[in-house]
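Residue-level structural notes
The primary structure of each chain is shown beneath.
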Amino acid sequence: MVDLIEARKLTRFFDLGGDQLVHAVDKVSLTIGEREIVGLVGESGSGKSTFGKTLLGLHDKTDGEVIFRGEALPQKYRPVDFQKLATKMQMIFQDPYSSLNPRMTVGEIIGEGLRLHFSLSPSDVKDQVVDWLEKVGLQADHMSRYPHEFSGGQRQRIGIARALILEPEFVVCDEPISALDVSVQAQVVNLLGELKETMGLTLLFIAHDLSMVRYVSDRMAVMYLGSLVELGKADEVYFNPKHPYTEVLIGSNPEPDPNIEKGRVSTSIQGEIPSPVNVPCGCRFANRCPKVLDVCRENTPELIPLKDEDRLVACHLVS
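Let me sum up the structure you'll find in this document.

1. A closer look at unusual backbone geometry
- Unusually for a residue other than glycine, R35 sits at a positive phi of about 65°.
- Along the chain, R35 turns up in the loop between β2 (20-33) and β3 (37-41).
- A relative accessible area of 42% places R35 in the partly exposed class.
- The phi angle at L225 is positive, at roughly 50°, despite the residue not being glycine.

2. Regarding the sheet that holds β3
- Taken in spatial order, the 8 strands of this open sheet run β6-β7-β8-β3-β9-β10-β12-β11, and their pairing is mixed. In this open sheet, the two strands that pair with only one neighbour each are β6 (89-92) and β11 (304-305).
- Pairing of strand β9 (residues 219-224) with strand β10 (residues 227-233) involves 6 bridges; the strand directions are antiparallel. Looking at the pairing, A221 lines up with L231 of β10.
- Those strands touched by helix α5 (residues 152-164) are β6 and β7 (170-174), and its axis lies near 175° from that of β6.

3. Comments concerning helix α4 (residues 122-135)
- Spanning 14 residues, α4 covers 20 Å between terminal C-alpha atoms, matching the ideal 20 Å at 1.5 Å per step.
- Taken together, the buried positions of α4 are V125, V129, V130, W132 and L133. Viewed end-on, α4 has its buried residues packed into an arc of 165°, placing them on one side of the element.
- On its buried side, α4 packs onto α3 (106-117), α5 and α6 (182-199).

Thresholds, definitions, all that
Residues numbered from 1 in each chain as written. Predicted model: local features only at pLDDT ≥ 70, side-chain atom pairs only at ≥ 80, totals over all residues. Heavy atoms only, no water. Helix = DSSP H or I, 4+ residues; strand = E, 2+ residues; numbered from the N terminus. Buried < 20%, exposed > 50% of the residue type's maximum accessible area, 1.4 Å probe, protein only. Pairing = 2+ DSSP bridges. Contact = heavy atoms within 4.5 Å. Axes fitted to C-alpha atoms, helices over the stretch in contact; angles between N-to-C directions. Expected span 1.5 Å × (residues − 1). Arc of directions from axis to C-beta.

Structural data, given as structure tokens:
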């Protein structure tokens, strides 16, 4: 598989003043291959969305690099960089309503990228907008309507059409199904899968629902307090987690398949996630880990490959 995008020790801190820094993303390395879907999971506050936005340049990098097709992207984007990369990388946002301009019609919203980046006639823009409305399961006469006239699922389809009409190679899907009903979630995920096959898309799929991530992803990355703790093939991570955090995260996740649920022990994560301003020494999960050892509180485990497995884990128990 050819690598499309790579994060090398990508770091994003937020300065609160008074020597206080939020360690939102801390030295995360991740490679995503062409036509691959990598699911990124973790609790709220783990840094998933910040990582996705930093990959795309929506947040400046504090440190580290992002490599796209062998080229290092700027540390801080200028307007010309956004202009250049908009046709290559896009984002589907979590809230389908707040990410759409309520004063623009659906046709204007979806066609805006074409008007900004290509020299197309109004009729060509309209034709492509109609084509994409139909691709995402909407109708041509929806062009003249406004976002508030649609359901949450329909608005998310509008957001998908807006991002993909530019035919980007890489798309960050930032929890695109979290605000939707379960039945609509499945429709949106299936739509993304179909578009991935027809367009050859590469996706970073950020979500809370681990069973949905397992369904849609080739590989699954687990993030905790700004760092990756486990990475491997989606099914293997889901059914045979190696890191204690992954284990309790999956155990606390509702599983819609009753046959799977019967053979799985339900667990819950105890305690509160530490503050990203005061990151603890040693393993960041130590204060909540049911298997913690003395070494866990003293030494920070590195994300290393497991012997004879296509898996990376940051844990003293399995290294």
